[in-house]
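These are the residues of each chain, in order.
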Amino acid sequence: MEIGRGETRMRNADTLPRRYGAALAELHKALKALGFYPDGHPRRAEAMERACRLLREALGGEELVLVIGRAGFLATDGGAAVEQNPMTLSLARELFIRRVRRLTILPDLSCADLSSFLSLLTLDHRALPAAGGMEGAMAGKGITTIWVNEIDLTEILRKRRAVEAAADEAAPETPVAAGEMPLPAGAVAAPVEIPLSFGVLGTFDELAAPEPPPDGGEVEELLARLDLEYADGRYGELARLLVEECDRLKEREEFGRLLPILDGLLGQGWNRAKSLVKRSYALLAFEQAASGAMAEYLARLLEEAGGDERELLYAIFRQLGYQAVGPLIERLASAETLAARRNLAAALVAVGEEAVSLLAEKLGDERWFVVRNVASILGEIGAAECVAPLAEVLGHPDGRVRREVVRSLAMIGGDRAEAALIGLLGDSDPSVARQVVVSLGQMRSRAAVDPLCALLADRDPLLRSLPLKKEAVQSLGRIGDRRAVSALAELFDGRRWLARQRWEELRIAAAAALGLLGDPLVLFLLERFAGGGGRLAVACGEAAAAIRRSMEDSHV
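Quick caveat, the model's predicted, so the values are computed rather than measured. (Residues numbered from 1 in each chain as written. Predicted model: local features only at pLDDT ≥ 70, side-chain atom pairs only at ≥ 80, totals over all residues. Heavy atoms only, no water.)

(A) Quick peek at helix H13 (residues 322-334). All of the buried residues along H13 are Ala324, Val325, Pro327, Leu328, Ile329, Leu332 and Ala333. Buried residues in H13 make contact with helix H11 (293-303), helix H12 (307-320), helix H14 (338-351), helix H15 (356-361) and helix H16 (368-381). (Buried < 20%, exposed > 50% of the residue type's maximum accessible area, 1.4 Å probe, protein only. Helix = DSSP H or I, 4+ residues; strand = E, 2+ residues; numbered from the N terminus. Contact = heavy atoms within 4.5 Å.)

Structural data, given as C-alpha cells:
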C-alpha cells in the first residue's frame, strides 16, 4: 500500500484524541483509587504517578483545553477532541456535576496540583458552593497549573501570578498526615460516589438503602452478584471483594478460573446499559485481576491460542494496556514458532502507544531477530514517537534488521522518518538500499527527489546497479514531482553500446515515469523514440499518449 505525506500527517494527528483519552482514563483510575484502596495503599501513589506522567506526555509542551458537557468531553468551543471510553465519560460526569464546563491544564502540570485537584473531586459536590465552587476550592489549595471555567489564557496567567504571590506571603499551613489532603473551608469529606447527581447520561443515581457490606464468596458467585447489583455503592464494594478473591486465586496459581472472570468484567465494563460508575468499577477490578502473574499466564496462553480464545485474549491485552507489555515482550523474545510470534506481536499492536516505551528499550537487544520483530511492531503501531528510537537502529550490523526498520519508518511517515531514510540511500547492502528507494516512493517524499536524481546520475556504464536505479525511476514517477523530469530525460541521451538490454530496460521504466509526471516538454523526446521499434518504442508511445490525455483533461 502506498503512503502519502498528507495521509501520514493525518494519521499522526489522529493519535491525539486517543492519547488524550488514554491519559484521562488514567486520571479517572487515580480518582477511583482514592476510594477503592485504603489510605496508605501503594496503588494509590502508583495510580497518581502514572496519571500525572501520561497527562504530561499527552500535553506535549502545550496547554490542554477540555470542554465538558452532559455527553462527555466535547470537541467544541476550542475543546480538544478526546477518544471517549467509559472512564473518560465517568470523569466528565464528575466534573459536570461540579459545574466544571471548561478545564485548562497548563504545560508545566504539577503532580501536587493534580493530586489536590482529584481530592476535590472526592468531596460531596453539594458542599462545594460554600467554598466558592470548584474555582474557590482550587484557589484555596493554591492550584496554579489546572484551571476551570476560564476562557482567556492571558487571564489564567494573570490569576496564576496572583495565586503564587499570595502563596509566597501566606504563613505555612499546618502539616497533614501523609496521603491526606487538607479540605477547603466549609467543605465536607464524602465518598467518591456522589448520590442524587445528574450525570452525563441524563439519569439520576438513586440512593441505596443502608446495608451491611456484602459477604465474600466464590469468585464466580461474586461476578454473578456484581452483574445483578443495582446500587453503585454496593457494586463498588462487591468489586473490591472480587479483586481480593482474584488475588487469592493468583496466589494459588489457579489462573484458568480467572479467564472467564476477566471476560465477564470486560463485558460489564463495556455494557452501556450499566451506569458509568459501575462500568468504571468493573474496568478497575478487571485491571487488578488481569495484572501481575495473571498477565504472564495470559501471554503464555496466547502463544498457541486460536479462534475465539485468541480474540478474547487480544481484547484483554488491549484493555490491560501498559501492564501487559512486559509479559508480552518477554514471551515474544523466547517464542519458538512463527504462529506464537505472530500472536504476541498482534497483541502488542493491539495495546498500541502504551507499548512504545518498553518496546523501544528492546531495540538494544543483542539478538537480531528480537530487534527485527520489535521494529516491525513499532511500525504497525505507527506512533510518531516511534521514529526516533527506530532511526537509531538504522546503523544495526544486520541488514535484515535495517530492512525492517526502513519498512516501519515508511509506515509511520513524516519529515523525520523521511530524513532518516534519505540518509540510508547509500547503504552497503543493496537489498536495504532498494527498500529505502521503494519506501521513499511509497511515501511520495518530495524531499527525496534530488537525492534520487543524484542516484540516477551516478556513473555506471555497465548498469550493474540496474535494480536500484530502476526502483529509483519508479519511485520518482510515484512521487510526481516534475523536478525529476530532466534527470529522467537524460537517460535517453546518446547511444548505449555496453549493456544495451539493461539500458533499454531502464529507459522503459523512465518512459513510464515521464508519462506519470505529465510534462508536455518531453513529448518531442518520447515521440522520437516511439517512432522506432521494440518494447521501448511501445513504452514511449504509451507515455506520450498519457501526457496528451492529461493536457486535454486540463483544458476541459
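Anyway, onward from the coordinates.
(B) The nonpolar core, seen in detail. Judged by nonpolar contacts, the single largest core of 174 residues is most densely connected at Leu103, Phe117, Phe317, Leu328 and Leu488. Among all residues touching Leu488, those that are not within four sequence positions of it are Leu456, Val473, Leu476, Ala510, Ala513, Leu514 and Leu517. (Core = buried A, V, L, I, M, F, W, Y, C linked by side-chain atoms within 4.5 Å.)

(C) Region of interest: the state of the cysteines. Scanning the model with the defined rule gives one disulfide in all. Linked covalently through their sulfurs, Cys52 and Cys111 form a disulfide whose S-S length is 2.0 Å. On the S-S bond that ties Cys52 to Cys111, the torsion sits near -95°, and the link is left-handed. Placement of the pair is Cys52 in helix H2 (residues 42-59) and Cys111 in helix H4 (residues 111-121), with a sequence separation of 59 residues. (Disulfide = S-S within 2.5 Å.)

(D) Looking closely at the packing of H11 against H12. With their axes 10 Å apart at the nearest point, H11 and H12 run at an angle of 145° to one another. Crossing of H11 against H12: the hand is left-handed. Across the interface between the two elements, Ala295, Leu298, Ala299, Leu301 and Leu302 from H11 touch Glu309, Arg310, Leu313, Tyr314, Ile316, Phe317 and Leu320 from H12. Among the residues making up the contact of H11 with H12, the classes are represented as ten nonpolar, no polar and two charged. (Axes fitted to C-alpha atoms, helices over the stretch in contact; angles between N-to-C directions. Left-handed = near helix turned anticlockwise from the far one by under 90°. Nonpolar A, V, L, I, M, F, W, Y, C, P; charged D, E, K, R; others polar.)

(E) Local environment of the packing of helix H3 (residues 86-96) against helix H10 (residues 276-290). Relative to each other, H3 and H10 sit at 130°, their axes nearing to 9 Å. When the axis of H3 is compared with that of H10, the two are oblique. For the crossing formed where H3 meets H10, the hand is left-handed. Across from Pro86, Met87, Leu89, Ser90 and Arg93 in H3, the residues of H10 making contact are Leu276, Val277, Arg279, Ser280, Leu283 and Leu284. Tallied by class, residues from the contact of H3 with H10 come to seven nonpolar, two polar and two charged. (Parallel < 35°, antiparallel > 145°, perpendicular 65-115°, else oblique.)

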